[in-house]
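Examining the three-dimensional arrangement
Here is what each chain is made of, one letter per residue.
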Amino acid sequence: MAQRGRLGVMYDRDLPPEGLADLARTVEESGADDLWVVEDLAWAGAVSSAAVALAATSRLRVGIGIMPAPLRNPVLLAMEIATLARAFPGRLVAGLGHGVRDWMAQVGAAPASPLSLLGETLEVTRTLLAGGTATLDGREVRVDGVRLVHPPAEPPPLVTGVLGPRSLELSGRLADGTIMAEGQGPGRIATALGHIGRGRAGHGRPHELIVFTHLFAHDDPAVVEAATAPVIAESQAFLGVPRSEVHLAAGDTATALERVGVLWEAGADTVVLRPIGPDPLSHLRPVLTAARR
């Protein structure tokens with residue numbers, strides 16, 4: 001298998017918020033590096049979820065993957081991130097994205113230029129978290145002389161969850177890392193790294209590639225096929241790729257872990273497992289145990 005990178009676990013949006021603390025503790029005890037929370041419209045809030053996971057654990061890095069930039073003023077966003085970063089130093093990764101266009105329109109938050117909004121939000125948030133004074137009269141963001149009273153001593157990484165070429169290039173230019181959504185395998189990773197690399201040209205800031213992947217570990221191939229079929233169909237529609245190009249960590253434990261290794265080998269620094277179904281630990285325990293070996 002490829003050299004091991006970071007290995008994380010996603011707390012799926014369909015799981016109830018009251019179960020997050022217990023699962024975060026179990027994931028930490030199982031030896032995982034990260035716990036990632038998500039924010040989709042009408043599910044749970046990501047900042048509060050991250051606070052729950054951080055408070056429930058002592059070592060685990062907690063990632064937010066992702067907060068839609070159109071739903072947050074960048075000053076409030078920086079205030080929230082700074083609070084968590086000060087309370088739990090060195091354990092937070094804050095992710096931002098464009099937000100699903102239809103969902104943003106549904107709540108009256110769709111920007112004229114999603115790319116400008118994300119870039120300007122990153123710029124203002126980074127300035128504030130670094131203790132600077134933010135002033136910007138941008139296309140989407142307007143801030144006049146704001147400075148945080150309690151900036152973190154160590155600003156947490158700001159990463160983006162994006163898909164298109166221009167957004168990936170922007171991520172390389174302005175963010176500390178990029179999150180790739182579920183279903184994307186080595187070919188898509190190579191393409192994304194090319195776009196990110198163009199954005200990174202001219203600065204030497206490190207950039208973490210974080211790849212989400214669905215997980216279903218079971219010894220019966222028929223059970224695996226039935227459970228993963230809807231997920232594969234959803235990824236096909238979202239990514240616009242044939243079924244054969246949809247990547248997930250599925251099969252018996254060894255096969256699932258091998259599929260994770262393929263992502264590390266392709267260039268992922270961190271792989272985040274998203275278990276399929278209502279019983280995530282039945283899939284996570286054997287894979288995390290095998291990964292420790």
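Here is a short report on the structure shown in this document. Note that the structure is a prediction, hence the values are computed from the model and not measured.

Structural notes on the layout of surface pockets
- If you add up the space inside the largest pocket, you get close to 1200 Å³.
- Along the walls of the largest pocket sit 40 residues, with D40, V100, A181, E182 and F238 positioned nearest its centre.
- Taken together, the elements giving at least two residues each to the lining of the largest pocket come down to β3 (61-68), α4 (101-106), β8 (177-180), β9 (208-217), α8 (221-239) and β11 (270-275).
- It is α8 that contributes the most residues to the lining of the largest pocket, 6 residues altogether.

A closer look at empty space enclosed by the protein
- A complete count under the given rule lists 1 cavity of 30 Å³ or more for this structure.
- Empty space within the largest cavity amounts to approximately 100 Å³.
- Around the largest cavity, the lining residues are Y11, D12, R13, L15, P16, P17, L20, V37, V38, W43, A44 and S49.
- Partitioning the lining of the largest cavity into residue classes produces 9 nonpolar, 1 polar and 2 charged.

Some thoughts on unusual backbone geometry
- The omega angle of the peptide bond from G65 to I66 is 20 degrees, so this bond is cis rather than trans.
- With respect to the helices and strands, the residue I66 is situated in strand β3.
- Even without glycine at this site, A42 takes up a positive phi of about 85 degrees.
- Tracing the backbone shows A42 in the loop between β2 (34-37) and α2 (46-56).
- When its relative accessible area of 79% is taken as the criterion, A42 is described as exposed.

Some thoughts on the nonpolar core
- L35 and M67 are the most contacted members of the largest nonpolar core, which has 69 residues in total.
- The element that contributes the greatest number of residues to this core is helix α5 (residues 114-129), accounting for 7 residues.
- In contact with L35, not counting residues within four places along its chain, are V9, Y11, L20, L23, A24, V27, A53, L60, R61, V62 and G63.

Let's talk about the packing of helix α1 (residues 20-29) against α2
- The geometry of α1 relative to α2 is characterised by a closest axis approach of 8 Å and an angle of 50 degrees between their N-to-C directions. By the angle between their axes, α1 is oblique relative to α2. Along this stretch, α1 crosses α2, giving a crossing that reads as right-handed. For the pair α1 and α2, contact is made by L20, A21, A24 and R25 and by S49, V52, A53 and A56, respectively.

Quick look at the packing of α5 against helix α6 (residues 165-174)
- Taken N-terminus to C-terminus, the directions of α5 and α6 make an angle of 10 degrees; their axes are 11 Å apart at the nearest point. Here α5 is positioned roughly parallel relative to α6, judged by the angle of their axes. Residues L115, L118, G119, L122, E123 and R126 of α5 form the contact with α6, whose participating residues are R166, S167, L170 and L174.
- In terms of residue class, the contact of α5 with α6 is made up of 5 nonpolar, 2 polar and 3 charged.

Re the pattern of salt bridges
- Under the defined criterion, the tally for this structure stands at 12 salt bridges.
- Salt bridges linked by common partners bring R6, D34, R61 and E208 together as one network.

Focus on the pairing of β8
- With burial as the criterion, each face of β8 is covered, one bearing G177 and I179 and the other bearing T178 and M180.
- By the bridge criterion, 3 bridges tie strand β7 (residues 158-161) to β8 in an arrangement that is parallel. Looking at the pairing, G161 lines up with I179 of β8.
- Crossover handedness for the path β7 to α6 to β8: right-handed.

Quick notes on the rules
- Residues numbered from 1 in each chain as written.
- Predicted model: local features only at pLDDT ≥ 70, side-chain atom pairs only at ≥ 80, totals over all residues.
- Heavy atoms only, no water.
- 1 Å grid on protein atoms, 1.4 Å probe; cavity = no way out; pocket = protein on both sides within 12 Å on 5 of 7 lines; lining within 4 Å.
- Points joined across faces, edges and corners; volume = space filled by probe spheres on them.
- Helix = DSSP H or I, 4+ residues; strand = E, 2+ residues; numbered from the N terminus.
- Nonpolar A, V, L, I, M, F, W, Y, C, P; charged D, E, K, R; others polar.
- Buried < 20%, exposed > 50% of the residue type's maximum accessible area, 1.4 Å probe, protein only.
- Core = buried A, V, L, I, M, F, W, Y, C linked by side-chain atoms within 4.5 Å.
- Contact = heavy atoms within 4.5 Å.
- Axes fitted to C-alpha atoms, helices over the stretch in contact; angles between N-to-C directions.
- Parallel < 35°, antiparallel > 145°, perpendicular 65-115°, else oblique.
- Left-handed = near helix turned anticlockwise from the far one by under 90°.
- Salt bridge = Lys/Arg side-chain N within 4 Å of Asp/Glu carboxyl O.
- Pairing = 2+ DSSP bridges.
- Right-handed = clockwise from strand over helix to strand, strands pointing away.

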